[in-house]
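Okay, here's what each chain looks like letter by letter:
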Amino acid sequence: MPPVEQNTVPFTVSAAKSLSELKTVGKARELPVVSDLEKMTTTFANQISENAHVQSAKQMVEDGMKSIVETETFNNIQGKVQELNENPRVQQTLTTVKSAVGQL
């Protein structure tokens, strides 16, 4: 049987490789332009992450997340999510959707 060209890539565990493991990415990194660009972006990303404004924003976000976790509202939301997960209609809907997606 002759080979058939595929228009899509089937999703499997082996297809979920990271970009750095692909042959084409490795070959592209051998090109001086790509290699230089990769070095420059890495350097730029490191410089940005060390910036005082970025560190300040990061600290504000982390503090905000801590305060959200510690509040009673967050606990109420967690309780409501647990109630939804235990609801028989929600479970039936999830089962229906999972089976429909599995048939695709």
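Residues numbered from 1 in each chain as written. Predicted model: local features only at pLDDT ≥ 70, side-chain atom pairs only at ≥ 80, totals over all residues. Heavy atoms only, no water.

Caption draft 1: Just the overall build of the chain, in detail. Counting its regular elements, the chain contains five helices and zero strands. Overall, the chain shows an N-to-C arrangement of helices and strands of α-α-α-α-α. A burial count over the chain gives 1% of its 104 residues as buried. (Helix = DSSP H or I, 4+ residues; strand = E, 2+ residues; numbered from the N terminus. Buried < 20%, exposed > 50% of the residue type's maximum accessible area, 1.4 Å probe, protein only.)

Caption draft 2: Quick peek at helix H3 (residues 52–70). Helix length check: H3, at 19 residues, gives a terminal C-alpha distance of 27 Å against a target of 27 Å (1.5 Å per residue), a fit within 8%. Residue Asn51 occupies the N-cap position of H3, its side-chain oxygen lying 2.7 Å from the main-chain nitrogen of His53. (Expected span 1.5 Å × (residues − 1). Polar contact = N/O pair within 3.5 Å; in protein donor to acceptor, adjacent residues only side chain to side chain.)

Caption draft 3: Molecular detail of a nonpolar patch on the surface. A cluster of nonpolar residues, Phe44, Ile48 and Val54, forms a patch on the protein surface that exposes about 250 Å² of accessible area. By the element assignment, Ile48 lies in helix H2 (residues 32–49). Among the residues examined, Ile48 registers a relative accessible area of 35% and is labelled partly exposed. (Patch = residues over 30% accessible without salt bridge, like charges linked within 9 Å, V, L, I, M, F, W, Y side chains within 5 Å. Areas by Shrake-Rupley, 256 points an atom, 1.4 Å probe, with all protein chains shown as cover. Salt bridge = Lys/Arg side-chain N within 4 Å of Asp/Glu carboxyl O.)

Caption draft 4: Region of interest: the confidence of the model for the chain. When the pLDDT values of the chain are averaged, the result is 79; 79% of them are 70 or greater. Within the chain, no element has a lower average pLDDT than helix H4 (residues 72–86), which sits at 79, and none a higher one than H2, at 88. (pLDDT = per-residue confidence, 0-100.)

Caption draft 5: Structural detail: the pattern of salt bridges. Following the criterion strictly, the structure yields one salt bridge and no others. For Glu38, the salt bridge is made with Arg29, and the minimal N-O distance between the two is 3.3 Å. Given the relative accessible area of 36%, Arg29 is considered partly exposed.

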